[in-house]
Each structure stands twice: as C-alpha cells, then as structure tokens.
Amino acid sequence: MRHARRRLVRRVTRLAAVGGLLLGGTMVTRAVASEPPDASSVPRTYAASAAGTGGDLVARLGASRTAGSWINADGKPVVAVTDEEAAAEVREAGAEAKMVDHSMDELKSATSTLRSAPRVAGTAWVMDYRSNQVVVRGDSTVSAADWSRMTEVADGIGGFVRMERTEGTFTTRLNGALPLLSTAGRCSAGFNVTDGQRDFILTAGHCGPDGSVWFADNRGTQQIGQTIKQNFPGADYSLVQYASGDAGAGADVVSIGEGKGVRITGAADPAVGQRVFRSGSTSGLRDGEVTALNATVNYPEGTVTGLIETNVCAEPGDSGGPMFSEGVALGVTSGGSGDCDAGGTTFFQPVTKALAALDVKLLVAAQNGSGQGASPAPSASAPQGAVSPGDASPGSSAPVSGADAVTLLSRLADPKNIGPGLLVIAGSLVALVATRFIRAEQDRKAYRRYYSATWG
C-alpha cells in the first residue's frame, strides 16, 4: 500500500512538472511575440496640453484668423481669434474664444521686422498671446541710444509692439540637473536620449563646442563624455555622447536634488499659462509658468530664436538643465535674467525641436509604469482634459543613482517580461530532476536489500 502511494505521488509530480514546462514555454512565447505598447498607452498628462484642443484649433483655423492659445487659470484652453465665425468654432470645440485685433500673421511680421533691424545685444522679444502684442525687452546693458533706435523700429511697426526695460542682464547660464564640468565651465545635464545604438545627454548648445570633454568631478578623473553635436547661436542645444556609449541605470530619471528624481515619460511642447518645473545643479528644483513661446533673445554671444519664455528663476551653472511638468520633458535651460533671490526670466530650448533636429529619441520610463529601465519615447501624449495649472506637479518621484535599478525579482515578476515563464520552466525542471533523483535513490536501496538477502 505504501509503495502504491509513493508511485502515485511520483506520477502526479511528473505530470505536474511536464504541465509546468508546457505552461512556461507558452508564457515565454507570448512574451517574446507580444508587441510593445503603442503611443496611445503612454499616460496622458497635463504637460502635453499644448498638443490639445487649443493648439489643434489654432492649426485648423490658420494664422490669419487666430493669434495663439494659452491655458487659463482653471485649466481651460483659450484661443485668440479675429472674427466671430472663428470664435463660434472655438466655443463649439469646448474652448474659450477671445476676440483680438491682430492675427498671428501680423505678430510674426512684427518680429520679422525686429529681426531685420541692427542687432542689439541685451534685447529680447516675444509674442504675448494674452495681450495680443509683441513685447520688446531691454536689459541693463542696452545703452540709451540703442534703446531709442529700437523704439523707433517698434513705432514704425504699429501700436501693438510694447517696449519694456528689465533689470539684470540676459545671459546664458554657463558656469540638470547633475553637474557637467569641463574647461569651458559648468553646466547641468538635461535629458538622456538615444539614436538606437548609443546614448547621449541632451544639454544646452552654449555649454561648449564640438569636442568639449565633460567630467563629473572637479579633478577631471570621472569622464562622462564628449560633445559631438552643437547648435548655438541660432538654437541652443548639443549632444554629449557617453564615454561608455550607455546611459546606464536610471536613464529615465532627472535629478531634483537630495538624491531624489522625477521619472520622464515623454516629450511635448508646452502651452502659455502652463505650470512648469526646472532643475539645475546650482539652484535645484524651481517652478513657475510659461509666459510666452517663440521668443528671440540677443545674447552677447549671438541671437537664439524659437525659445520658451518663463518666469522660473535660474542661476549660473543651471544651463542645460531640464524643464518638465507631470513627468513630460519640455525644454533645456538656455539663459535669462535675474536670480532665485529676486526672481527673473528664464528661456528654454524646446526639447521637441532639438530631438527632431538631432534625430534622437528621449529615453523614458518603461511604459508599464513600473519604472523598470528606460526605452525610447513614443510620440508626445495628449492631455486627458482641463487641469488647473496650479495642480500640476513635476511627475512621479524616483531615487537618483544605482538605487534606481529594480531588483531582479521584480523584473522577473513583471507579467510583460519573459521572467514568469522562465520561473515556471525552472521550477518544473527542478521538480523533474528531484523526482528522478528520489526514484533512483529508492531503486538503489531496494536493490541493496534484495542483494543482501540473496547473497548472504
């Protein structure tokens, strides 16, 4: 009776092990054969609101009937329009319409005239969608004579060009959010990107020319990489290729100080009125609001166009650092005026334009939301709906450094990986081997007993 029970247990165990092998093989096959999630599975976030209703309406109605869009205090998109028919279409789409006198075509014509005038370092101009004006600003370095000449140009354009003096100076922030150090000075790392074969750091172009070598320490013993592509002036972005070719663990995280970080899930263009966050190696994490788009800044080193204007503060050394909201990459720090004691204006190079020009993709958090490593970003996500700008946050938190890597067990437990199937197969093999070993041991003991009885 006892032997019969043993035989039954062995048979059941063998059947279970064989079934486990078949099940594990099926799980592995499905995991390998399954396609990665498409862009529609990317979390929809407030930070991508520029690609939402307001931007779509502006694109559909055209530059002759609209003059930009922005996010209101309640999170509702507002579109500036020049005729009642366009206003009706905007309201029908669920957005708010604001009647204005000057179209986007007129605003662009004004900025084109300003650009064609003799260049004056220390000046900047933006299209202020809310006031339907072009605002020209001059810092403390602009002489009275130069300012008078700029004013004459503005008066010739029309009454919708507003002249403003500003304190401080418009400078690039050379001196992330982790620091990058070279003989050219100190900058901050922006976002990790890839061309599919190698990984890079996207940072500001004014940080250093092609060939600049960057280190993580003042003594120059911990080499990070080398600048291989730079665009400045004109635009303000560059690529630093990692010396190892690999960004490593935590490539989807930007530092916000004190060992903490924010996971990056995608890239998008911001909207005027959107709450944004900036991190840098000098002043850490700061927040503010997008005040204008397509800004032109005449730095002492040259003119940069197409920038994002914000009221977020920044200081020397913050250059190249990331700007983001709700985990979505928006820009890298270019320059500005003021500091984080008195406040000021900071300009950013849009991430989307830099990615397109450099033909690279952002390294983002894994799409299953578990943060298990980084992968190239799909297209920008769209917002779920209106969200008050004040409710926006930097994004989901994450540790910075090697601790960002998850354990092997959590990777294997992820149902979207092949790990679970491999675990089932391994367990089944162990069960088969154990069953075989037990059977062999029992046969050996039975043979001994029989041999001893017959021989003696």
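Per an unreviewed UniProt entry, the chain is named S1 family peptidase, and its organism is Streptomyces muensis.

That bond from F232 to P233 is cis: its omega, -10 degrees, falls within 30 degrees of zero. As for its placement among the helices and strands, P233 is situated in the loop between β13 (223-231) and β14 (237-242). Although it is not a glycine, N294 sits at a positive phi angle of roughly 55 degrees. With respect to the helices and strands, N294 occurs in strand β19 (residues 284-299).

For the structure shown, the criterion picks out 2 aromatic pairs. Taking 5.8 Å as the distance between ring centres and 70 degrees as the angle between the ring planes, the aromatic pair formed by F170 and F347 counts as edge-to-face. Seen from their ring centres, F232 and Y299 are 6.5 Å apart, and the 40 degrees between their planes marks the pair as tilted. Taken as a pair, F232 in the loop between β13 and β14 and Y299 in strand β19 lie far apart in primary sequence, 67 residues in all. We note that F232, like Y299, is buried.

So, on to the environment of K98. Looking at the secondary structure, you find K98 in strand β3 (residues 96-99). Put simply, K98 and D83 are 15 residues apart on the chain and 9.7 Å apart in space, counted from C-alpha to C-alpha. Those residues within four positions of K98 in sequence are excluded, and the remaining contacts are W70, V78, V79, A80, V81 and R130.

Bringing the pattern of salt bridges into the picture now. Overall, the coordinates contain 13 salt bridges when judged by the stated rule. The residue R60 makes a salt bridge to E89 at a minimum N-O spacing of 3.9 Å. With R60 in helix α2 (residues 53-61) and E89 in helix α3 (residues 84-92), this residue pair connects regions lying 29 residues apart in the sequence. Among the residues examined, R60 registers a relative accessible area of 55% and is labelled exposed. R65 is the salt-bridge partner of D83, the closest N and O atoms lying 3.1 Å from each other. Taken as a pair, D83 in the loop between β2 (77-81) and α3 and R65 in the loop between α2 and β1 (66-71) lie far apart in primary sequence, 18 residues in all. For D83, a relative accessible area of 22% translates into the label partly exposed. Taken together, the salt bridges that share partners define one network made up of D128, R137, R162, E164 and E309.

Further remarks concern the sheet that holds β1. Ordered by their spatial adjacency, 3 strands build an open sheet running β1-β2-β3, and the pairing between neighbours is mixed. With partners counted over all chains shown, the strands left at the sheet margins are β1 and β3, one partner each. Neighbour-to-neighbour, the strand axes of the sheet open up by a mean angle of 25 degrees, direction not taken into account. When β1 meets β2, the two strands line up antiparallel, connected through 4 bridges. Directly across from W70, in β2, lies its bridge partner V78. Contacting β1 and β2, α2 crosses the sheet at an angle of about 175 degrees to β1. Running at roughly 160 degrees to β3, α3 makes contact with β2 and β3 of the sheet.

Cut-offs applied
- Residues numbered from 1 in each chain as written.
- Predicted model: local features only at pLDDT ≥ 70, side-chain atom pairs only at ≥ 80, totals over all residues.
- Heavy atoms only, no water.
- Helix = DSSP H or I, 4+ residues; strand = E, 2+ residues; numbered from the N terminus.
- Phe/Tyr/Trp six-rings, centres within 6.5 Å; stacked < 30°, edge-to-face > 60°.
- Buried < 20%, exposed > 50% of the residue type's maximum accessible area, 1.4 Å probe, protein only.
- Contact = heavy atoms within 4.5 Å.
- Salt bridge = Lys/Arg side-chain N within 4 Å of Asp/Glu carboxyl O.
- Pairing = 2+ DSSP bridges.
- Axes fitted to C-alpha atoms, helices over the stretch in contact; angles between N-to-C directions.

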